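A look at the structure
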Amino acid sequence: MTVPLIDRYRDRLPVSAATPVISLGEGSTPLLRAPRLGELLGVELWLKWEASNPTGSYKDRGMTVAVSKAVEEGAEAVICASTGNTAASAAAYAARAGIPALVLVPQGQVAGPKVAQTRMLGARVLEVEGDFDEALDAARELGRRGTHALVNSLNPYRRQGQKTAVLEIVEELGATPDAFVIPYGGGGNTSAYAQALGEQGLEARIVSVEAEH
């Protein structure tokens, strides 16, 4: 049985005995050596297989902490803006907690399977006329009303959970790697990795990348 992420790193997360642990078995993902690709690039290369998280995304690391804290603080529901992975993760953890999830998506900009996954998990999905930033603005406004906890990466608890990937990698390697290479997206994961390195007094480069197009 996988130990819930919050329990595994309780001493390094902003939780207490009063925090309910809303978990789906996230974290403890495989660290796989990639010898052929590493040889091609001239480096020792390891891949952190975050797709093995419950909803197929590293965002589950942050969502377990964000939703657990939302429940602790008395939120009646969670809300997020998303183009895919955040929506599925928020829906799954809200369902686990037994509270509603409201997801705002930019109209026509989300892959059908991601919307289906989110709805399958019980979330209410609303389309916003505009881009992601406009959907996020709407989510933030609803979050300010006090009943819905915003669980986008603007939520500091999200970054707290996501930083645990660094802790796992260092533990498994027995050392700090020279560099972490991660997709940038909205920058939340980059800041989470930087936070982990700073808190642990570790030094490593963070290389954030995006697809060319």
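Whatever comes next refers back to the structure up there.
Since the structure is predicted, the reported quantities are computational estimates derived from the model, not experimental observations.

1. Here's the deal with the packing of aromatic side chains
- The final tally for this structure, using the stated rule, is one aromatic pair.
- Between Phe180 and Tyr193, the ring centres sit 5.5 Å apart and the planes meet at 85°, which makes this aromatic pair edge-to-face. Highlighted residues: Phe180 in strand S7 (residues 179-183) and Tyr193 in helix H9 (residues 188-200), separated in sequence by 13 residues.
- Take Phe180: its relative accessible area is 5%, and that puts it in the buried class.
- Under the relative-accessibility criterion, Tyr193 is labelled buried at 5%.

2. Digging into the side chain of Thr19
- On the secondary structure map, Thr19 appears in the loop between helix H1 (5-8) and strand S1 (31-33).
- Taking the relative accessible area as the measure of exposure, Thr19 reaches 6% and is therefore buried.
- For Thr19, the side chain forms a polar contact with the main-chain nitrogen of Ser16, separated by 3.0 Å.
- Polar side-chain contacts of Thr19 include one of 2.8 Å to the side chain of Glu72.
- Ignoring sequence-local partners within four residues, the contact set of Thr19 consists of Ser68, Lys69 and Glu72.

3. Details of the nonpolar core
- With 24 residues, the main nonpolar core has Met63, Val67, Val78, Tyr93, Val103 and Val151 as its most contacted residues.
- When residues of this core are traced back to their parent elements, those giving at least two are helix H3 (59-72), strand S3 (77-81), helix H4 (85-97) and strand S4 (101-106).
- The element contributing the most residues to this core is H4, with six residues.
- Not counting residues within four places of it along the chain, the set of residues in contact with Tyr93 comprises Ile22, Ser23, Leu24, Glu26, Pro54, Asp60, Met63, Thr64 and Val67.
- Counting 10 residues, the second largest nonpolar core, distinct from the first, contains Ala165, Val166, Ile182 and Leu197.

4. Focus on a nonpolar patch on the surface
- Together, Leu37, Leu40, Leu41 and Val43 give the surface a local cluster of nonpolar side chains, amounting to about 410 Å² of exposed area.
- Note that Val43 resides in the loop between helix H2 (35-41) and strand S2 (46-48).
- You can call Val43 partly exposed: its relative accessible area is 46%.

5. Thoughts on the pairing of S4
- Judged by how many residues are buried, S4 sits mostly within the fold: six of six residues are covered.
- Side-chain alternation along S4 places Ala101, Val103 and Val105 on one buried face and Leu102, Leu104 and Pro106 on a second face that is also buried.
- Note: S3 against S4, four bridges, orientation parallel. From the neighbouring strand, Val78 faces S4, where its bridge partner is Ala101.
- Handedness of the crossover joining S3 and S4 through H4: right-handed.
- Judged from the five bridges that link them, S4 and strand S5 (residues 124-128) form a sheet pairing that is parallel. Each residue of the ladder has a partner; that of Val105, found in S5, is Glu127.
- What joins S4 to S5 is helix H5 (residues 112-120), and the crossover it makes is right-handed.

Reading the values: rules and limits
- Residues numbered from 1 in each chain as written.
- Predicted model: local features only at pLDDT ≥ 70, side-chain atom pairs only at ≥ 80, totals over all residues.
- Heavy atoms only, no water.
- Phe/Tyr/Trp six-rings, centres within 6.5 Å; stacked < 30°, edge-to-face > 60°.
- Helix = DSSP H or I, 4+ residues; strand = E, 2+ residues; numbered from the N terminus.
- Buried < 20%, exposed > 50% of the residue type's maximum accessible area, 1.4 Å probe, protein only.
- Polar contact = N/O pair within 3.5 Å; in protein donor to acceptor, adjacent residues only side chain to side chain.
- Contact = heavy atoms within 4.5 Å.
- Core = buried A, V, L, I, M, F, W, Y, C linked by side-chain atoms within 4.5 Å.
- Patch = residues over 30% accessible without salt bridge, like charges linked within 9 Å, V, L, I, M, F, W, Y side chains within 5 Å.
- Areas by Shrake-Rupley, 256 points an atom, 1.4 Å probe, with all protein chains shown as cover.
- Salt bridge = Lys/Arg side-chain N within 4 Å of Asp/Glu carboxyl O.
- Pairing = 2+ DSSP bridges.
- Right-handed = clockwise from strand over helix to strand, strands pointing away.

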